Amino acid sequence: MQLRGGMQSRCARPGVAARPARRACVRVAAKQTADGPSIAVVGVTGAVGQEFLQVLKERNFPYRSIKLLASARSAGKQQEFEGQTYTVEELKEDSFDGVDIALFSAGGSISKKFGPVAQKAGSIVVDNSSAFRMTEGVPLVIPEVNPEAMAHVKIGGGGAIIANPNCSTIIALMAVTPLHRLAGVKRMIVSTYQAASGAGAAAMEELREQTRDVLDGKEARPVIFPYQYAFNLFSHNSGMDEALGYNEEELKMVKETKKIWGTSDVAITATCIRVPVMRAHAESINLEFGSDISEADALAALAAFPGVSVIDDRKNNRFPTPLDATTRDDVYVGRVRRDISRKDAKGLDLFVCGDQIKKGAALNAVQIAELLLK
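Report on the accompanying structure. (Residues numbered from 1 in each chain as written. Predicted model: local features only at pLDDT ≥ 70, side-chain atom pairs only at ≥ 80, totals over all residues. Heavy atoms only, no water.)

Looking now at helix H4 (residues 201-215). Between its first and last C-alpha atoms H4 spans 22 Å; for 15 residues at 1.5 Å apiece the expected length is 21 Å, and the two agree. The complete set of buried residues in H4 reads Ala203, Met204, Glu206, Leu207, Gln210 and Asp213. A positive backbone phi angle near 80° is found at glycine 217, which sits one or two residues after H4. (Helix = DSSP H or I, 4+ residues; strand = E, 2+ residues; numbered from the N terminus. Expected span 1.5 Å × (residues − 1). Buried < 20%, exposed > 50% of the residue type's maximum accessible area, 1.4 Å probe, protein only.)

Dropping the structure here:
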């Protein structure tokens, strides 16, 4: 694998072979500590909730206490974290008393109901749903891209809500932002190939079950999705705007990108497709710039950007895959090439892969929490 920078990753999990990476991961210095913040994880039994715990552990996030919250159905379950066994508690309106940071991933309706409750109790909510992303006054943050949007939010300074962007938006903008800063993106055309994890743990299990059934000669049984998922792909399952012909996922990418970059002066269109991959999204991106940009300058900007690793080996036809990104912190970028449909030097194509549960959700939220400690 040709990967820009030549460093070997120091972020590998114990027992997992390290993959080459461009930089070491940023770490916070402590684990459980008397002067750390108190944390609540809302939706802890879901796929992203479990990943919250994994990322907190991997990054040695300092905390004074941790409260694990979920629905009444999951209350009473036992959960191990950092060598201790915790009992999952039912999410209630008094759950946030004394909580400094509340990591939410329990769906939009739960966030809309309990996010303001947590905020009123003085907690800083980092919400992974779409409930508050486009709400005026709520920062929509990718820490590597626009940390200044949440600079006014501090622990002890009163409750607040910070929104985690959509997973596809995060993965795209990790790759496109350094190029935007270099030459000014004027138009972006994105096609996404989205994994099962974006629809939750039940969708991941449906993909496993259907794959086994089809290979055994049995009929696939769709439950989560209206179509067979194994060995198939289909338009993203979010709601459709029938007048526009765009689904909600596509419109999220359009609206969120403009909010994060703080500009409406960029034209964006997206086509979002669900593919039978377990947990890492892929995106094909075509960019038009306001200024000339070379492949070499683009690759250098990508290699220098925090959280991005470049796999771009034309000789061996080696470029990013979803498996490269699976369980990894970085977003992987390759296939960087001039758009030959243009006669100028203002167009590039690239291919991007990122772990939807990791950087597309839990890692980004924990990185936001880390900013609150600075």
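Core analysis: the largest hydrophobic core is formed by 58 residues, its most contacted members being Phe96, Leu179, Met188, Ile285, Leu287, Val333 and Leu350. Broken down by element, the residue count for this core peaks at nine residues, all from helix H3 (residues 167-183). Among all residues touching leucine 179, those that are not within four sequence positions of it are Gly184, Leu287, Phe289, Ile293, Ala298, Ala301, Leu302 and Leu350. Ala70, Phe81, Ile162 and Met204 belong to the second largest nonpolar core, which has 42 residues in total. (Core = buried A, V, L, I, M, F, W, Y, C linked by side-chain atoms within 4.5 Å. Contact = heavy atoms within 4.5 Å.)

We now examine helix H1 (residues 47-58). Because each turn of an α-helix spans 3.6 residues, side chains separated by three or four positions end up pointing in the same direction. For H1, built from twelve residues, the straight-helix expectation of 16 Å at 1.5 Å per residue is met to within 8% by its first-to-last C-alpha distance of 16 Å. By the burial criterion, the buried members of H1 are Ala47, Val48, Gly49, Glu51, Phe52, Leu53, Val55, Leu56 and Glu58. On its buried side, H1 packs onto strand S1 (38-42), strand S2 (65-70), strand S3 (78-81), strand S6 (101-104), H4 and helix H8 (358-372). Positive phi shows up at asparagine 60, right after H1, with a value of about 50°.

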